[in-house]
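Residue-level listing of the chains:
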Amino acid sequence: MTAFLTDLRDMGTGLTSRASAVIATLLRTTLLAWLLRLTILLALLGACAFAFGPRALVDPAFVLVVALVALAAVLPRSRAVSLALWVIGLVWVVGESHPPLWRVLGMAATLYVAHASAAFAAVLPHDCAVTGSAVARWAVRTLLVIAASLALGGAGMAVLGPLPPVRSILGPIAGSLFAAAIAGLIAGLVRRREAA
């Protein structure tokens, strides 16, 4: 019986020390780290609103996705961010047949902002001191990627949207090859820039 009580006391001590470590981390967390987590939360909530659309108010799955979103915002270094992005994308794919263009573009922008914010928050320690220029470079890069993506994607959807839908395997294959070519081009430019 005494071994059991000793184990309980040790477990209580471990939980207490872990709780005090979490509280100390929260107290040391800088404003930038909190703002990045808030950005993740707002971007994922925006993506949820675009994914669910008007049915968000009546769909019980919305509450579960929002809980996952909150977890992803609190833990940007975890797999919760990827899971939240995948679940929101899955809700979008399953729930929408012909969404309006503005919802598609809004969904793309909010998911990218959430991804970029989580990536930035994941590499920063809680108590980091980051210069304003680093944050400005990250924000400008994120805005440029969003603007270029929305312009190209919106133009492509505006041009191809009126065409009648045809079931074919060629479209996804061509799109995947095009995306891989763009990714390869960007990777090549990054390597050339690093080598210089």
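Residue positions within a chain follow its written sequence, with the count starting from 1. Owing to the predicted nature of the model, reporting of local features is limited to residues with pLDDT of at least 70; listing and counting of side-chain atom pairs is limited to 80 or more, with chain, interface and lining totals taken over all residues. Side-chain numbers come from the whole structure's heavy atoms, not from hydrogens or water.

**Points about the nonpolar core**
Then, number 1: The term nonpolar core refers to a set of buried residues drawn from Ala, Val, Leu, Ile, Met, Phe, Trp, Tyr and Cys, joined through side-chain atoms within 4.5 Å. Think of it in three bands: residues with accessible area under 20% of the maximum for their type are buried, residues over 50% are exposed, and the middle band is partly exposed, with areas taken using a 1.4 Å probe on protein chains only. One finds Leu-36, Leu-44, Val-65, Ile-88 and Met-107 to be the most contacted residues of the largest nonpolar core, which totals 32 residues.
Then, number 2: Comment: elements are numbered from the N terminus, with helices defined as DSSP H or I runs of at least four residues and strands as E runs of at least two. If you list the elements that add at least two residues to this core, you get α2 (31-52), α3 (61-74), α4 (80-95) and α5 (101-123).
Then, number 3: Ranked by the residues each element gives to this core, the list is headed by α2, at nine residues.
Then, number 4: Residue contacts for Leu-44: discarding those within four places in its chain leaves Val-69, Ala-72, Ala-84, Leu-85, Ile-88 and Ala-114. Should any heavy atoms of two residues lie within 4.5 Å, those residues are considered in contact.

**What to know about the packing of α4 against α5**
Then, number 1: At a minimum axis separation of 10 Å, α4 and α5 run at an interaxial angle of 170°. The pairing of α4 with α5 is recorded here as roughly antiparallel in orientation. Residue-level inspection shows Val-81, Leu-85, Ile-88, Gly-89 and Trp-92 of α4 in contact with α5, the latter providing Arg-103, Val-104, Met-107, Leu-111, Ala-114, His-115 and Ala-118.
Then, number 2: Gly is put with the polar residues, along with every residue not named as nonpolar or charged; the nonpolar set is Ala, Val, Leu, Ile, Met, Phe, Trp, Tyr, Cys and Pro, and the charged set is Asp, Glu, Lys and Arg. When the residues that make up the contact of α4 with α5 are grouped by side-chain class, the tally is nine nonpolar, two polar and one charged. Between N-to-C directions, angles span 0 to 180 degrees; the directions come from axes that are lines fitted to C-alpha atoms, helices contributing only their stretch in contact. Working rule for angles: under 35 degrees goes down as roughly parallel, over 145 as roughly antiparallel, 65 to 115 as roughly perpendicular, anything else as oblique.

**Notes on the packing of α5 against helix α6 (residues 132-160)**
Then, number 1: Relative orientation of the contacting elements α5 and α6 amounts to 155°, with a least axis distance of 10 Å. Between α5 and α6, the angle is such that the two are roughly antiparallel. Crossing of α5 against α6: the hand is right-handed. Residues Leu-101, Val-104, Leu-105, Ala-109, Tyr-112, Val-113, Ala-116, Ser-117 and Phe-120 of α5 pack against Trp-138, Thr-142, Val-145, Ile-146, Leu-150, Gly-153, Gly-154 and Met-157 of α6.
Then, number 2: Considered class by class, the residues forming the contact of α5 with α6 number 13 nonpolar, four polar and no charged. Should the near helix be turned anticlockwise from the far one by less than a right angle, the crossing is left-handed, and should it be turned clockwise, the crossing is right-handed.

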